[in-house]
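Fold and contact review
Spelled out, the chains give:
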Protein chains: 6
Amino acid sequence: MTSSISPLTHFDAQGQAHMVDVAAKPATHRIAVAGGRIQMLPETLALIESGSAKKGDVLGIARIAGIQAAKKTSELIPLCHPLPLTRVAIDFEAASAHVAGAIGIFCSATVETVGPTGVEMEALTAVQVALLTIYDMCKAVDRGMTITDVRVLEKHGGKSGSFVAR
Amino acid sequence: MTSSISPLTHFDAQGQAHMVDVAAKPATHRIAVAGGRIQMLPETLALIESGSAKKGDVLGIARIAGIQAAKKTSELIPLCHPLPLTRVAIDFEAASAHVAGAIGIFCSATVETVGPTGVEMEALTAVQVALLTIYDMCKAVDRGMTITDVRVLEKHGGKSGSFVAR
Amino acid sequence: MTSSISPLTHFDAQGQAHMVDVAAKPATHRIAVAGGRIQMLPETLALIESGSAKKGDVLGIARIAGIQAAKKTSELIPLCHPLPLTRVAIDFEAASAHVAGAIGIFCSATVETVGPTGVEMEALTAVQVALLTIYDMCKAVDRGMTITDVRVLEKHGGKSGSFVAR
Amino acid sequence: MTSSISPLTHFDAQGQAHMVDVAAKPATHRIAVAGGRIQMLPETLALIESGSAKKGDVLGIARIAGIQAAKKTSELIPLCHPLPLTRVAIDFEAASAHVAGAIGIFCSATVETVGPTGVEMEALTAVQVALLTIYDMCKAVDRGMTITDVRVLEKHGGKSGSFVAR
Amino acid sequence: MTSSISPLTHFDAQGQAHMVDVAAKPATHRIAVAGGRIQMLPETLALIESGSAKKGDVLGIARIAGIQAAKKTSELIPLCHPLPLTRVAIDFEAASAHVAGAIGIFCSATVETVGPTGVEMEALTAVQVALLTIYDMCKAVDRGMTITDVRVLEKHGGKSGSFVAR
Amino acid sequence: MTSSISPLTHFDAQGQAHMVDVAAKPATHRIAVAGGRIQMLPETLALIESGSAKKGDVLGIARIAGIQAAKKTSELIPLCHPLPLTRVAIDFEAASAHVAGAIGIFCSATVETVGPTGVEMEALTAVQVALLTIYDMCKAVDRGMTITDVRVLEKHGGKSGSFVAR
């Protein structure tokens, strides 16, 4: 007879959600990098790029929104542990540097802590909110923008070892 | 000589960000629908689908997280106006119902208000946080999940008229 | 054949939770009063009562905590609508004024709004957090305090009419 | 002449509230369990129990609300220290298993941390908000529900030693 | 015999704090402007001014922090009513434009709503947090910066009429 | 050729804002004291002073608001690290005790932590919000109050050594 224990660690043996016990896990240095992009019309991208230089710094504002969102992750994701983040950094590049022909902005977020659990949720949340903020600031000219390919790129530290996306 | 006014309404004539004046806009009934999906391994999808029935209700928890996130939108997106939401509903379907061959969960969020501005940011935020919550709950078995194709599907009410994504 | 619609309005016909649609409900003046008490040792009550007069104003602090909690209700209770509260008032009395022989503090909260839904959750939340704050401030001398009999006392306004607890 | 120092540690020698100094206290493993129940009509209990199985998972949603509330305790209770919780778990049972003849739901919350102060406030807050969420979801059919007997059941770790309620 | 009613409206006839009743007050268009400045070393001001142009946009970040803080006012100030702000704008100038010989940055915030109470607290909060953010970003080079002269400059709308600071 | 690295540590070599890496900094005991005052009419000061004694405890409420604000600092100031504060205390005195002839209230806040970065932002935020709360509670009788001279008074712990304002 097979075990009834869920492989999803956020559920106990009765299938009830809980915030899992990490008291016995040592505090180690953790780092996670997530990335994703927002696709847009060429004219919208041109506006953002000119804006960064002179008027209307879309990316500067999106960066701040992403950093602040990383700090709110445990409020947003029900079973996340609160963690004292030691670093959050967010980068933007032209999406074409990542996917040939893509038009838009690629965002990556790097988050670090010294703690008992990883910070990939914080990195993903930072990317999502940074990209949402770009959507918000440009939606007056381009409602069809799409946020896509948001995922963990790298994760280091902790018992389960390093992960690097293919 | 061309005007120097940015077409991005979140910036004033000097290129400074502001929360735009909506005091003169009438409060009308607004509705927005956003959608997106998370792609995963077939085994992960099977776990979620069995869990919904008996143990470990991943989608039930993601739905609550998405509804709560919609209410936090103006805290997360710097230039969003706070709005008294009158409805938030979140649906999940197999992603294959939307994109042939896709493996994973498709999420849509419908948000309504009676107010001076639209609620597409609230709908997008609900979708993003619901999908992030699925990632969080399943990451122990599948770190390579990707959140993708998050966009506004429909938007009604307000001066700029209806928008329906192609 | 029996209907499959849940009498619990927070669930739709498929049994999925949602924040129910109140867009069509008129904004009317709503008022709700909730009450509850915390039971304690006679010495603890004596400390609070002397403190109010001279040093260590337990009830003054609990009142502020309760007022602030009323404003956070829609963050705490997943399916509550955000509402622009127009009044919050909190009163404390000796519990013995309400239940013969009871030793402790009785707290009541009155909350008002002009809106499409009632404010009984806001009143209950204010009472709970005010009583929890009393617990926090006195726990160094009395760990056995119990919060009890928290309920809606009155509710007026809205389609469903007035409710007064027996 | 007797000392004028309040036995309530949240006040200093002048009777002014403060968040007490815990810098010198060692970080030890702390655990607290709190419990309480909501009393209701037999029909309401029947609805919840059927709902858990098939449509309208009241307890699943209340559990998530309670876990999230535990993380918000230091925002709600003015003089609480922020603590990095390492575990939150919430259980529900029929109230009759705890008090003969009681009709309703009994909720208990277990919270753990490795830190300089205890987590009984977090456990109490989780119970209160979980029970309030049950009230919210069932109030359309039963306005007279009462939340009662909320208290600390057990507390371990720290200088003051273990506490177990009689 | 003199009346015992406090002229401070946030207290009732018993001297207890409450969030005052505004349900009967009409929703009118309100506007408030607050201002204040941060004084610093000439070298610090030079750094900020060069940064705005090319690297390290201190004022752009402070502006976003101020706008977001305006939306959090009712969370920060215990007896403030939550209000649906319709506009927030923040401006920075050289302090010397306001006070002869002053070295530093002058910040003003303009906040609007259509509601039953004024928004001067929101404008003051925006100024305070914008100036605090400047302090945070420059403190590595200048710990002696001072925030000063924060006050309401103008206020219009509502029964009590217009106010313009001398 | 001059270096292009900003002396403002919140910006990286490209001039982009980030939450700086503190993972390698040891957790040490940190303490910061900030102060500031609110200037008002003599009648307003008289009201506050009488109120503290008997009805309408303005300073008691401002103290709680300041303590709670200290805990929210990393939400308000975009690039602040979240820190587990171990102590927050707030004091009020007549402003004349600090500046000859000043009429109003002087507020100081002392904040401590055991962590990798200092807590001067938390102390400044506590002072600002405590003074704003005094403004809020007295604005019905004195709209011209001014918050002034808010600055760090002392700071100890950490690599950069002690700072004491002249």
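Residues numbered from 1 in each chain as written. Chains lettered and ligands numbered in written order. Predicted model: local features only at pLDDT ≥ 70, side-chain atom pairs only at ≥ 80, totals over all residues. Heavy atoms only, no water.

This brings us to the side chain of C:Asp136. Tracing the chain through its elements places C:Asp136 in helix α4 (residues 120–138). Reaching out from C:Asp136, the side chain makes a polar contact with the side chain of C:Lys139 at a distance of 2.7 Å. The contacts of C:Asp136, once residues within four sequence positions are left out, are D:His10, D:Ile77, D:Leu79, D:Cys80 and D:Met121. (Helix = DSSP H or I, 4+ residues; strand = E, 2+ residues; numbered from the N terminus. Polar contact = N/O pair within 3.5 Å; in protein donor to acceptor, adjacent residues only side chain to side chain. Contact = heavy atoms within 4.5 Å.)

Further remarks concern the UniProt feature "binding site: substrate" (unreviewed entry) in chain A. Annotation from UniProt places "binding site: substrate" (unreviewed entry) at A:Leu79, A:Cys80, A:His81, A:Met121 and A:Glu122. These annotated residues cover 44 residues of sequence, and their C-alpha atoms all fall within 12.6 Å of one another, placing them together at a single site. You can see A:Leu79 is positioned in the loop between α3 (73–76) and β2 (85–94). Sequence-distant contacts of A:Leu79, defined by excluding residues within four places in its chain, comprise A:His10, A:Ala17, A:His18, A:Met19, B:Asp136, B:Met137, D:Ile64, D:Ile67 and D:Lys71. Considering the arrangement of structural elements, one finds A:Met121 in helix α4 (residues 120–138). Judged by its relative accessible area of 2%, A:Met121 falls in the buried class. Excluding residues within four positions of it along the chain, A:Met121 makes contact with A:Thr73, A:Ile77, A:Cys80, B:Leu132, B:Tyr135, B:Asp136 and B:Lys139. (UniProt positions renumbered as here; feature names shortened; annotations may be inferred. Buried < 20%, exposed > 50% of the residue type's maximum accessible area, 1.4 Å probe, protein only.)

Attention now goes to the relation of the copies chain F and chain A. These two copies of the chain differ by a rotation about an axis and a displacement along the same axis. The operation relating chain F to chain A is a screw motion whose rotation component is 120°, with 0.0 Å of axial translation and a residual RMSD of 0.0 Å. Taken together, the rotation and translation describe the operation of a three-fold axis. Minimal C-alpha distance to the rotation axis in chain F is attained by F:Pro84, lying at 4.6 Å. With a heterologous cut-off of 20% or less, the 6% of interface residues of chain F that recur at the interface of chain A puts this contact in the heterologous class. (Least-squares fit on C-alpha atoms with pLDDT ≥ 70 in both.)

With that settled, consider the packing of helix α2 (residues 58–71) of chain D against helix α4 (residues 120–138) of chain D. All names here are of chain D. Orientation of α2 relative to α4, taken along the N-to-C sense of each, is 145°, at an axis distance of 7 Å. By crossing handedness, the relation of α2 to α4 is classed as right-handed. Here Val58, Leu59, Ile61, Ala62, Ala65, Gly66, Ala69 and Ala70 of α2 come into contact with α4, specifically with Glu122, Thr125, Ala126, Val129, Ala130, Thr133, Ile134, Met137 and Cys138. Its residues assigned to classes, the contact of α2 with α4 shows 13 nonpolar, 3 polar and 1 charged. (Axes fitted to C-alpha atoms, helices over the stretch in contact; angles between N-to-C directions. Left-handed = near helix turned anticlockwise from the far one by under 90°. Nonpolar A, V, L, I, M, F, W, Y, C, P; charged D, E, K, R; others polar.)

Looking now at α4(D). If you check α4(D), its first and last C-alpha atoms are 27 Å apart, about what 19 residues at 1.5 Å a residue would give, namely 27 Å. In terms of burial, α4(D) is a largely internal element, 19 of the 19 residues being buried. (Expected span 1.5 Å × (residues − 1).)

This part takes up the arrangement of the chains. Structurally, chain D and chain E remain out of contact, their C-alpha atoms never closer than 10 Å. In this view chain B stays clear of chain F, with the nearest C-alpha atoms of the two still 10 Å from each other.

A separate point is the interface of chain B and chain A. Taken together, the contacts link 56 residues of chain B with 56 residues of chain A. For the pair chain B and chain A, the interface holds 2 salt bridges. When the shortest N-O distance is used, the salt bridge between B:Lys72 and A:Glu75 registers 2.8 Å. For the pair chain B and chain A, the number of links is 12 residue pairs in polar contact (both at pLDDT 80 or more). At the level of elements, α2 (58–71), α3 (73–76), α4 (120–138) and β4 (146–156) of chain B are the ones that each hand at least two residues to the side of chain B that touches chain A. Here the side of chain B that touches chain A takes 12 residues from α4(B), the largest share from any one element. Across 2 bridges, strand β4 (residues 146–156) of chain A lies against β4(B) in antiparallel orientation. Paired with A:Val150 across the two strands is B:Ile147, which belongs to β4(B). (Salt bridge = Lys/Arg side-chain N within 4 Å of Asp/Glu carboxyl O. Pairing = 2+ DSSP bridges.)

Attention shifts here to the environment of F:Leu59. Residues and elements named next belong to chain F. You can see Leu59 is positioned in helix α2 (residues 58–71). Leu59 sits in the buried class, given a relative accessible area of 14%. Along the backbone, Leu59 and Ile90 are 31 residues apart, and their C-alpha atoms lie at a distance of 10.0 Å.

With 17 residues of chain F at the interface, the matching set in chain A holds 17 residues. For the pair chain F and chain A, the two sides together bury roughly 1,300 Å², of which 56% comes from carbon and sulfur. Contact with chain A buries area across many residues of chain F, yet F:Met19, F:Ala23 and F:Pro78 alone supply 37% of it, more than any other trio. Between chain F and chain A we count 1 salt bridge in total. Counting every contact that joins chain F to chain A gives 9 residue pairs in polar contact (both at pLDDT 80 or more). (Buried area = accessible area lost by both parts, 1.4 Å probe.)

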